[in-house]
Amino acid sequence: MTVSLPLVFVLGVIAWAAIKFLGVRLWVALVIALFGFWLSQTFLAPAIESGTRTGVEVVNGTND
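Quantities reported herein were computed from a predicted structural model and do not represent experimental measurements.

A. Looking closely at the pattern of salt bridges. Per the counting criterion, the structure on display carries one salt bridge. Among the salt bridges present, the one from Arg 53 reaches Glu 49, with a minimum N-O distance of 2.9 Å. Of this pair, Arg 53 and Glu 49 both sit in helix 3 (residues 45–60), separated by four residues, roughly a single helical turn. Look at Arg 53 and you get exposed, because its relative accessible area is 54%.

B. Inspection of the layout of surface pockets at higher detail. Here the largest pocket is characterised by a volume of approximately 820 Å³. For the largest pocket, the lining is made up of 21 residues, of which Leu 11, Ile 32, Ala 33, Gly 36 and Phe 37 are closest to its centre. If you list the elements that add at least two residues to the lining of the largest pocket, you get helix 1 (7–21), helix 2 (26–39) and helix 3. Tallying contributions element by element places helix 2 first for the lining of the largest pocket, with nine residues. Looking at side-chain class alone, the lining of the largest pocket contains 16 nonpolar, four polar and one charged residues. Its boundaries defined by the atoms lining it, the second largest pocket holds a volume of some 160 Å³. Those elements that provide at least two residues to the lining of the second largest pocket are helix 1 and helix 3. Looking at side-chain class alone, the lining of the second largest pocket contains five nonpolar, two polar and no charged residues.

Conventions and cut-offs
Numbering of residues begins from 1 in every chain and follows the order in which that chain's sequence is written. pLDDT decides what is reported in this predicted model: residues at 70 or higher carry local features, side-chain atom pairs at 80 or more are listed and counted, and totals for whole chains, interfaces and linings draw on all residues regardless. In computing side-chain values, all of the structure's heavy atoms are included and hydrogens and water are not. For this document, the term salt bridge refers to a Lys or Arg side-chain nitrogen within 4 Å of an Asp or Glu carboxyl oxygen. The helix and strand labels rest on DSSP assignments: H or I over at least four residues marks a helix, E over at least two residues marks a strand, and numbering proceeds from the N terminus. Burial classes follow relative accessibility: with a 1.4 Å probe on protein chains only, a residue under 20% of its type's maximum area counts as buried, one over 50% as exposed, and anything between as partly exposed. Of the grid points, spaced at 1 Å and generated over the protein atoms alone, those admitting a 1.4 Å probe that cannot get out make up cavities, while open sets with protein on both sides within 12 Å along at least five of seven lines make up pockets; any residue with an atom within 4 Å of a point is treated as lining. Grid points are joined across faces, edges and corners, and a volume is the space filled by probe spheres set on the points. Classification used: nonpolar for Ala, Val, Leu, Ile, Met, Phe, Trp, Tyr, Cys and Pro, charged for Asp, Glu, Lys and Arg, polar for all others including Gly.

Take it as geometry only, folks, not as evidence of what the structure does.
Okay, structure coming up:
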């Protein structure tokens, strides 16, 4: 069974849980999100995309 959820929704739920249950401050979550956007514009973006795709394939069980 494959479930399709937008990545923003999943990250939002993780951020909400971290703020609610782990005591992470809201400003820390915002700084981490902004750093992620900045990091996506650097030379590391292809490695991040490749790692993300591999992780999704492992979770979905679609890797060969």
